[in-house]
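Now for the letters of each chain:
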Amino acid sequence: MLFALICKDRPGNLQVRLDTRPEHVAFLEGLNGEKKLAFAGPFLDADGKPNGSLVVVEAPDLAAAQALSAADPYAKAGLFESVEIRQWNWAFNKPASA
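Along each chain, the written sequence defines residue order, and numbers are assigned to residues from 1. A pLDDT threshold of at least 70 governs which residues receive local features in this predicted model, and a stricter bar of 80 or more applies before side-chain atom pairs are shown or counted, although totals over entire chains, interfaces and linings include all residues. Hydrogens are left out, water is left out, and the side-chain values use all remaining heavy atoms of the structure.

S.K.: For this particular structure, what's the right way to read the sheet that holds strand β4 (residues 80-88)?
M.R.: As summarised here, the arrangement of the 4 strands in space is β2-β3-β1-β4, forming an open sheet in which the pairing is antiparallel. One side of each edge strand has no neighbouring strand; the edge strands of this open sheet are β2 (37-44) and β4. Ignoring which end each strand starts from, the neighbouring axes of this sheet average 15 degrees apart. A pair of strands is labelled paired if DSSP reports no fewer than 2 bridges between them. Each helix is a run of H or I in the DSSP string that is no shorter than four residues. Each strand is a run of E no shorter than two, and both are numbered from the N terminus. One ladder, built from 7 bridges, connects strand β1 (residues 2-9) with strand β3 (residues 50-58); its direction is antiparallel. Opposite Leu2, over in β3, you have Glu58 as the bridge partner. Comment: axis = line fitted to C-alpha atoms, over the contacting stretch for helices; angle = value between 0 and 180 degrees taken between N-to-C directions.

Rendered as structure tokens:
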């Protein structure tokens, strides 16, 4: 099943995001290779700077989704002020391969 990881950055932590981005991208590429990543990308503030993330993952249950979220280098670096994990149903415009 799919889970949406809705992550909000702690204010004033753009540099943490930038410094940790290579490890975060490698983590997502690993999930993609394991066919656990549906899609991902940053939320943007009014100036177009990233201030959070939306990551949708395939996991068997909430506990597995929580484990994936905790393993993200951004989470390990303390970037996120909050992370909400919600089961999600991809109802429209779902790619055939997803």
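Right, picking up where we left off after that structure.
S.K.: Help me understand the nonpolar core in this model?
M.R.: Within soluble globular proteins, side chains that are nonpolar tend to cluster in buried spots. Residues Leu28, Leu31, Val55 and Val57 are the most contacted members of the largest nonpolar core, which totals 15 residues. Within the residue set of this core, elements represented by two or more residues are β1, α1 (14-33), β3 and α2 (62-71). The criterion used for residue contact is that any of the two residues' heavy atoms lie within 4.5 Å. Not counting the four nearest positions on each side in its chain, Leu31 is found in contact with Lys36, Leu37, Val57 and Leu68. The set of buried Ala, Val, Leu, Ile, Met, Phe, Trp, Tyr and Cys residues whose side-chain atoms join them within 4.5 Å is what this entry labels a nonpolar core. Each residue is assigned to one of three classes by its accessible area relative to the maximum for its type, calculated with a 1.4 Å probe on protein chains only: buried under 20%, partly exposed between the two thresholds, exposed over 50%.

S.K.: Would you mind showing me how to read the pairing of β3 here?
M.R.: Within a regular strand, side chains alternate between the sheet's two faces. Across 7 bridges, β2 lies against β3 in antiparallel orientation. When the bridges of β3 are listed, Ala40 appears paired with Val55. Hairpin connection between β2 and β3: a loop of 5 residues separates the two successive antiparallel strands, and Gly48 in this loop has a positive phi of roughly 80 degrees.

S.K.: Help me understand the environment of Ala40, please; the structure alone is not making it clear to me.
M.R.: As for its position among the elements, Ala40 is in strand β2. Taking the C-alpha atoms as reference points, Ala40 and Ala4, separated by 36 residues in sequence, lie 9.4 Å from one another. If sequence neighbours within four positions are ignored, Ala40 has contacts with Leu28, Leu54 and Val55.

S.K.: How do you make sense of unusual backbone geometry when you look at a structure like this?
M.R.: Peptide bonds are trans in most cases, and residues, glycine excluded, mostly fall at negative phi. A positive phi is found at Lys35, a non-glycine position, where the angle reads about 60 degrees. Here Asn93, not a glycine, exhibits a phi torsion of approximately 60 degrees, which is positive. Its place among the elements puts Asn93 in the segment after β4.

S.K.: What should I look at first to understand the packing of aromatic side chains in this one?
M.R.: We describe a pair of aromatic rings using the distance from one ring centre to the other and the angle between the two ring planes. Between rings of Phe, Tyr and Trp, where Trp is taken as its six-membered ring, a pair exists when centres lie within 6.5 Å; planes separated by under 30 degrees are stacked, by over 60 edge-to-face, and by other angles tilted. Taken as a whole, this structure holds 4 aromatic pairs when the rule is applied. Where Phe39 meets Trp88, the ring centres are 5.8 Å apart and the plane angle is 80 degrees; that geometry is what we call edge-to-face. A residue pair is termed long-range when its members are at least 10 positions apart, and Phe39 in strand β2 and Trp88 in strand β4 qualify at 49 residues. When its relative accessible area of 34% is taken as the criterion, Trp88 is described as partly exposed. Look at Trp88 and Trp90: their rings are 5.7 Å apart centre to centre, the planes differ by 45 degrees, and that puts the pair in the tilted class. Taking relative accessible area as the criterion, Trp90 reaches 15% and is therefore assigned buried.

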